[in-house]
Amino acid sequence: MAIAEQTHPQASKDQAIVDRLLQSPADTPHLLSLARLRIRYKNFPGARGLQRDLDTVLQQWHLTEEELIAQTRALYASGAAHAKQSTEEQQDWS
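Residues numbered from 1 in each chain as written. Predicted model: local features only at pLDDT ≥ 70, side-chain atom pairs only at ≥ 80, totals over all residues. Heavy atoms only, no water.

For helix 3 (residues 48-60), spanning 13 residues, the distance from its first C-alpha to its last is 18 Å, which sits close to the expected 18 Å at 1.5 Å a residue. Within helix 3, the full set of buried residues consists of Leu50, Gln51, Leu54, Val57 and Leu58. Taken down its axis, helix 3 places every buried residue within 110 degrees of arc, on the same side. Within helix 3, the exposed residues directed more than 90 degrees away from the buried face are Arg52 and Gln59. At the exit of helix 3 stands histidine 62, carrying a positive phi of roughly 55 degrees. (Helix = DSSP H or I, 4+ residues; strand = E, 2+ residues; numbered from the N terminus. Expected span 1.5 Å × (residues − 1). Buried < 20%, exposed > 50% of the residue type's maximum accessible area, 1.4 Å probe, protein only. Arc of directions from axis to C-beta.)

Shown next, in the form of structure tokens:
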């Protein structure tokens, strides 16, 4: 029995963020947004197009998921993540 595709309640808002990431450099706020969205949609049974776009952003920025997570952990550890997040990007991680 196939699992039905689900729609994430924040998918349309998140797609707008991903569309901006596709046009953006890999700087601190963008790295944080990408990491947050990768975590949100990892193993989510739906939003396949959004997940492919997240993969594309990683490729454009020449990063692996492991490198992305390592960089964002370093940003949080140094306190730089909190200083660089814009109001828009301070969303929940659920």
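Another point: the pattern of salt bridges. Scanning the entire structure with this criterion turns up five salt bridges. Between glutamate 65 and lysine 42 there is a salt bridge; the shortest N-O distance is 3.5 Å. A residue pair is termed long-range when its members are at least 10 positions apart, and glutamate 65 in helix 4 (residues 65-78) and lysine 42 in the loop between helix 2 (28-41) and helix 3 qualify at 23 residues. Put simply, Arg38, Lys42, Asp55 and Glu65 are held in one network by salt bridges that share partners. (Salt bridge = Lys/Arg side-chain N within 4 Å of Asp/Glu carboxyl O.)

None of this, on its own, says anything about what the molecule does.
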